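Observations on chain architecture
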Amino acid sequence: MFDLHTHHERCGHASGALEDYIEIAISRGMKVLGITDHSPYFFSDEDKPFPKLAMGKSEFFKYIEEAYYLKKKYKDQIELLIGVESDIFKEHIDLYDHSYTSFPLDYVIGSIHFTSPSLVSKGVDWSTASEEERDEEFKRFIELMQLSVQSRWVNIIGHMDRFNRGYESFQNLYAPYIGPLLKTMAQRGVALEVNTGGFRKSPEDWYPSINVIEQAYYYGVEITFGSDAHDPLRVGNEWEKVRNTLAQIGFRRWVIFRQRNPYYLDLKS
């Protein structure tokens, strides 16, 4: 059992310390736990411009340092993998690349939360936006998705269809792009995360949807798991359900990353 997507109190909107997540994971018999809090906004002149969204730049070294300390402390009980969930901004692709290659990370989850540095914490309200605003927002989103799957520093795509999910007009625009994106991921060895975080009532509410997961199988995309836990009690949430669903679709393995290299685990073990 493993979980590659967890957060903690540093990001400003999760509860619990890193060690709380580790202890819960051990108590649940987990073999591997990924530590992946939200990356700083490296492009900002301010250290922590959005305290409720991500850690400050000055905290990133401390985050890595604490994670490696805990990795050694618990090495006989669980394997800790150290990563980060990163935003993707086309204006700062090289900056983020440099920031991550400066640290010994096991992997990076690339996730789109906002389509532009100027839209952080604001975003575009799809329900009230004009057609022109929607078109511009969608163009930015697709460009970022394409950059994500082609980037040399993204190992996993996080919650691939979360952005504006629930709006049929957005889903209709997105649908023709999903296949080509998955095909590129398969070619480049970028994994797809099945994310069970958030408020959901059925497997159909995972990110991505079952339809996208089935397409990922068709294109040969590697698959992985993340609870996106923002509370220690959610670590490993619905892992068994995800495993069973993936097996029914046809997957036989899933992937974790160590020092940016993929390692494959038997889906049934």
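Remember, it's a predicted structure, so these values are computed and weren't measured experimentally.

Quick word on the overall build of the protein
- Scanning the protein from terminus to terminus reveals 7 helices and 9 strands.
- In terms of its C-alpha atoms, the protein occupies a principal-axis envelope of roughly 55 × 50 × 35 Å.
- Burial statistics for the protein: of 269 residues in total, 53% are counted as buried.
- Of all intrachain contacts in the protein linking residues separated by at least 6 positions in sequence, the fraction that spans at least 24 positions is 73%.
- For the protein, the accessible surface area stands at approximately 12300 Å², while carbon and sulfur atoms represent 48% of it.

As for empty space enclosed by the protein
- One pass over the structure, following the stated rule, counts 1 cavity of 30 Å³ or more.
- The computed volume of the largest cavity comes to approximately 60 Å³.
- Considering the residues around the largest cavity, the lining is formed by Gly110, Ser111, Ile112, Phe141, Met145, Ser148, Ile157, Gly158, His159, Met160, Arg162 and Phe163.
- The dominant element in the lining of the largest cavity, judged by the number of residues it contributes, is helix α4 (residues 131–150), at 3 residues.
- Grouping the amino acids of the lining of the largest cavity by side-chain chemistry returns 6 nonpolar, 5 polar and 1 charged.

Here's the deal with the packing of aromatic side chains
- Scanning the entire structure with this criterion turns up 28 aromatic pairs.
- For the ring pair Phe89 and Tyr96, a centre distance of 6.4 Å and an interplane angle of 65° mean the geometry is edge-to-face.
- Judged by relative accessible area, Tyr96 falls into the buried class, the value being 1%.
- When the centroid spacing of 6.0 Å and the interplanar angle of 70° are considered together, the rings of Tyr96 and Tyr100 count as edge-to-face. Taken together, the positions of Tyr96 and Tyr100, both in helix α3 (residues 93–101) and 4 residues apart, correspond to about one turn of that helix. Both residues of the pair, Tyr96 and Tyr100, count as buried.
- Within the aromatic cluster, the residues linked to one another by ring pairs are Tyr41, Phe42, Phe43, Phe50, Phe60, Tyr63, Phe89, Tyr96, Tyr100, Phe103 and Trp153.
- One Lys or Arg, Arg253, reaches over the ring of Tyr264 and ends 3.7 Å from the middle of that ring.
- The side chain of Arg258 reaches across the aromatic face of Tyr263, ending 4.7 Å from its centre.

So, the side chain of His7
- Note on placement: His7 falls in the loop between β1 (2–3) and α1 (18–27).
- Separated by 3.1 Å, the side chains of His7 and Glu85 make a polar contact.
- Beyond its immediate sequence surroundings of up to four residues, His7 is in contact with Ala14, Tyr21, Thr36, Asp37, His38, Glu85, Asp228, Ala229 and His230.

Points about the nonpolar core
- Met160 and Tyr174 are the most contacted members of the largest nonpolar core, which has 84 residues in total.
- Apart from residues lying up to four places away in sequence, Met160 is in contact with Phe141, Met145, Tyr174, Ile178, Leu181, Leu182, Met185, Leu192, Pro208 and Val212.

Observations regarding the environment of Lys268
- With respect to the helices and strands, Lys268 occurs in the segment after β9 (261–266).
- Sequence spacing of Lys268 and Cys11 is 257 residues, and the spatial spacing of their C-alpha atoms is 34 Å.

Considering the pattern of salt bridges
- If you walk through the whole model with that rule in mind, you get 10 salt bridges.
- Notably, a salt bridge pairs Lys90 with Glu143, separated by 3.3 Å at the nearest N-O pair. With a gap of 53 residues between them, Lys90 in the loop between β3 (79–86) and α3 and Glu143 in helix α4 connect regions that are remote in the sequence.
- Judged by its relative accessible area of 45%, Lys90 is partly exposed.

Considerations on the packing of helix α6 (residues 210–219) against helix α7 (residues 239–249)
- Their axes nearest at 10 Å, the elements α6 and α7 cross at an angle of 50°. In this view, α6 runs oblique relative to α7, as classed from their interaxial angle. As for the relative orientation of α6 and α7, their crossing is right-handed in sense. Residues Ile210, Ile213, Glu214 and Tyr217 of α6 form the contact with α7, whose own contacting residues are Thr245, Leu246 and Ile249.

Things to note about α6
- Those residues of α6 that sit buried are Ile210, Val212, Ile213 and Ala216. In a view along the axis of α6, the buried residues occupy a sector of 160°, so they form one face of it.
- Turning to α6, the residues buried within the fold contact α5 (168–188), β6 (191–195), β7 (223–226) and α7.
- Just past α6, the residue Gly220 takes up positive phi, approximately 80°.

Conventions adopted
Residues numbered from 1 in each chain as written. Predicted model: local features only at pLDDT ≥ 70, side-chain atom pairs only at ≥ 80, totals over all residues. Heavy atoms only, no water. Helix = DSSP H or I, 4+ residues; strand = E, 2+ residues; numbered from the N terminus. Buried < 20%, exposed > 50% of the residue type's maximum accessible area, 1.4 Å probe, protein only. Contact = heavy atoms within 4.5 Å. Areas by Shrake-Rupley, 256 points an atom, 1.4 Å probe, with all protein chains shown as cover. 1 Å grid on protein atoms, 1.4 Å probe; cavity = no way out; pocket = protein on both sides within 12 Å on 5 of 7 lines; lining within 4 Å. Points joined across faces, edges and corners; volume = space filled by probe spheres on them. Nonpolar A, V, L, I, M, F, W, Y, C, P; charged D, E, K, R; others polar. Phe/Tyr/Trp six-rings, centres within 6.5 Å; stacked < 30°, edge-to-face > 60°. Lys NZ or Arg CZ within 6 Å of the ring centre and 35° of its normal. Polar contact = N/O pair within 3.5 Å; in protein donor to acceptor, adjacent residues only side chain to side chain. Core = buried A, V, L, I, M, F, W, Y, C linked by side-chain atoms within 4.5 Å. Salt bridge = Lys/Arg side-chain N within 4 Å of Asp/Glu carboxyl O. Axes fitted to C-alpha atoms, helices over the stretch in contact; angles between N-to-C directions. Parallel < 35°, antiparallel > 145°, perpendicular 65-115°, else oblique. Left-handed = near helix turned anticlockwise from the far one by under 90°. Arc of directions from axis to C-beta.

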